[in-house]
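A structural walkthrough
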Amino acid sequence: TLTKFQTIVRQVQNHPWGLSQVKQKYFNGLSMTTILNNLVRDRKDTVEHVNATITWLKRQDDYEEVMTYYLNKYFAYDPNNAN
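Given the structure is predicted, the values throughout are model-derived calculations rather than measurements.

Now for the packing of helix α2 (residues 32-41) against helix α3 (residues 47-58). Direction vectors running N to C along α2 and α3 enclose 165°, while the axes themselves pass 9 Å from each other. Relative to α3, the element α2 lies roughly antiparallel. Judged by the twist between their axes, the crossing of α2 over α3 is right-handed. For the pair α2 and α3, the contacting residues are Met32, Thr33, Leu36, Asn37 and Val40 in the first and Val47, Val50, Thr53, Ile54, Leu57 and Lys58 in the second. A class-by-class count of the residues in the contact of α2 with α3 yields seven nonpolar, three polar and one charged.

Calculation notes
Residues numbered from 1 in each chain as written. Predicted model: local features only at pLDDT ≥ 70, side-chain atom pairs only at ≥ 80, totals over all residues. Heavy atoms only, no water. Axes fitted to C-alpha atoms, helices over the stretch in contact; angles between N-to-C directions. Helix = DSSP H or I, 4+ residues; strand = E, 2+ residues; numbered from the N terminus. Parallel < 35°, antiparallel > 145°, perpendicular 65-115°, else oblique. Left-handed = near helix turned anticlockwise from the far one by under 90°. Contact = heavy atoms within 4.5 Å. Nonpolar A, V, L, I, M, F, W, Y, C, P; charged D, E, K, R; others polar.

These values are about where atoms sit, not about what they do.
In structure tokens form, the structure reads like this:
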């Protein structure tokens, strides 16, 4: 709806970097391993790719198995924001 997009525009304009993301509540509390393995279960990815992704993620210093996930359904930015 128009109201939803107007809300997103205000969020982008008010964000220090001129960006906006929506938290993905559906995944709250699920581990990254579970989420990725569900992709294999649902035939949206391969076991090899998911295993490689998990291995790479676990090597990152800031990796957390359960974290906040974001829904990137819309991409919006403020071209006038210098940041």
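That was the structure; now back to the text.
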